[in-house]
Amino acid sequence: MAEIEIGTKQKLFCNCCKNETHHELKLSHTCEHEEIGHDEDGRPIPCFLWTNKYRFWVCCGCDTATLEDAWTASWQIDKEGNYIWESLYYPKRKHADHDTKNFQKLSRKLSGIYKEIIECFNASLKISCAIGLRALLEGVCADKGITTGNLENKIDQLTTHLPPNIVESLHSFRFMGNVAAHELQAPNREDLKLAIEVIEDLLNFLYELDYKAQQLKKRK
């Protein structure tokens, strides 16, 4: 990676602007350190060299700042002989994050589980996210007075509150949570995102629509 000069502008995702914007490099610092191993006689020998480049970027739109930690090692070389660099950005880029929705009529307990689900998803804790989705579904059942039987039975009893086709689709949450909890198998990110969107629609249907309708009625 060629050295980037101070004042260079580069497009990065900005958490504040919520889009890729031009960022200007204000500061840069490079450090290197050797990884030391030992030979057969126990004498220290250099194994490989780590290189880190820390860059301080400022968004040209909103003036917020981002720290880039770029690193490579002497063994990270491609077929053309160029170093392979990787980067992390602080604060973490949020372009793939799922925003937390605000459910005003949701109980504190259910709201806490929902927020933990979103935090797990954004932190790529897929197994925890899947188990959380299953726990939230169980919590919704309990909140609606459905407490008898296993989760499969409880979901079936939600037909008193939801259309049958939606209830049928909710069984996928049960399977997803079972696989995550008992087989430690993580669902893929796309499936989790879809599951979160479904549970948000469920929470909106069960807790928010009537409240919002009443608020609209009062305003009229």
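What comes next is a walk through the structure. This is a predicted model, so every value here is computed, not measured.

With that settled, the discussion passes to the pairing of strand β1 (residues 9-14). Across 6 bridges, β1 lies against strand β2 (residues 19-38) in antiparallel orientation. By the bridge assignment for β2, Cys14 is matched with Asn19. Connecting the antiparallel pair β1 and β2 is a turn made up of 4 residues, with Lys18 showing a positive phi of about 60 degrees.

Moving on, we get to the pairing of strand β4 (residues 65-73). Counted residue by residue, β4 has 7 buried out of 9 residues, so it is predominantly covered. The sheet contact formed by β4 and strand β5 (residues 86-90) spans 5 bridges and is antiparallel. In the strand pairing of β5, Trp71 is matched with Glu86.

With that settled, consider the environment of Gln76. Within the secondary structure, Gln76 is located in the loop between β4 and β5. A residue is classified by how much of its surface remains accessible, and Gln76, at 8% relative accessible area, is buried. Residues within four places of Gln76 in sequence aside, it is in contact with Trp50, Trp71, Asn82, Tyr83, Ile84 and Glu86.

It is possible for side chains bearing opposite charge to pair when their charged atoms get close. A full pass over the atoms with the stated rule returns 6 salt bridges. Note that Lys92 is salt-bridged to Asp97, the shortest N-O span being 2.8 Å. We classify Lys92 as partly exposed; its relative accessible area is 44%. Salt bridges linked by common partners bring Arg134, Glu138 and Lys154 together as one network.

Moving on to the environment of Ile6. On the secondary structure map, Ile6 appears in the segment before β1. Of the residues examined, Ile6 reaches a relative accessible area of 54% and is grouped as exposed. When the C-alpha atoms of Ile6 and Leu25 are compared, they prove to be 5.3 Å apart, with 19 residues separating the residues in sequence. In this structure Ile6 touches Leu25, Lys26, Leu27 and Ser28, once residues within four positions along its chain are discounted.

Right, let's get into unusual backbone geometry. Across the junction of Tyr90 and Pro91, the peptide omega takes the value -5 degrees, indicating a cis bond. Relative to the helices and strands, Pro91 resides in the loop between β5 and α1 (108-122). The phi dihedral of Asp63 is positive, around 75 degrees, even though this residue is not glycine. Checked against the element boundaries, Asp63 lands in the loop between β3 (44-59) and β4.

To continue, consider the packing of aromatic side chains. Considering all chains together, one arrives at 1 aromatic pair under this definition. Both rings, one in Phe103 and one in Tyr114, keep their centres 5.3 Å apart while their planes meet at 80 degrees; by these two values the pair is edge-to-face. Highlighted residues: Phe103 in the loop between β5 and α1 and Tyr114 in helix α1, separated in sequence by 11 residues. In terms of burial, Phe103 and Tyr114 fall into one category: buried. Sitting above the plane of the Tyr207 ring, Lys144 keeps its charged end 4.5 Å from the centroid.

What counts, and where the lines are drawn
- Residues numbered from 1 in each chain as written.
- Predicted model: local features only at pLDDT ≥ 70, side-chain atom pairs only at ≥ 80, totals over all residues.
- Heavy atoms only, no water.
- Pairing = 2+ DSSP bridges.
- Helix = DSSP H or I, 4+ residues; strand = E, 2+ residues; numbered from the N terminus.
- Buried < 20%, exposed > 50% of the residue type's maximum accessible area, 1.4 Å probe, protein only.
- Contact = heavy atoms within 4.5 Å.
- Salt bridge = Lys/Arg side-chain N within 4 Å of Asp/Glu carboxyl O.
- Phe/Tyr/Trp six-rings, centres within 6.5 Å; stacked < 30°, edge-to-face > 60°.
- Lys NZ or Arg CZ within 6 Å of the ring centre and 35° of its normal.

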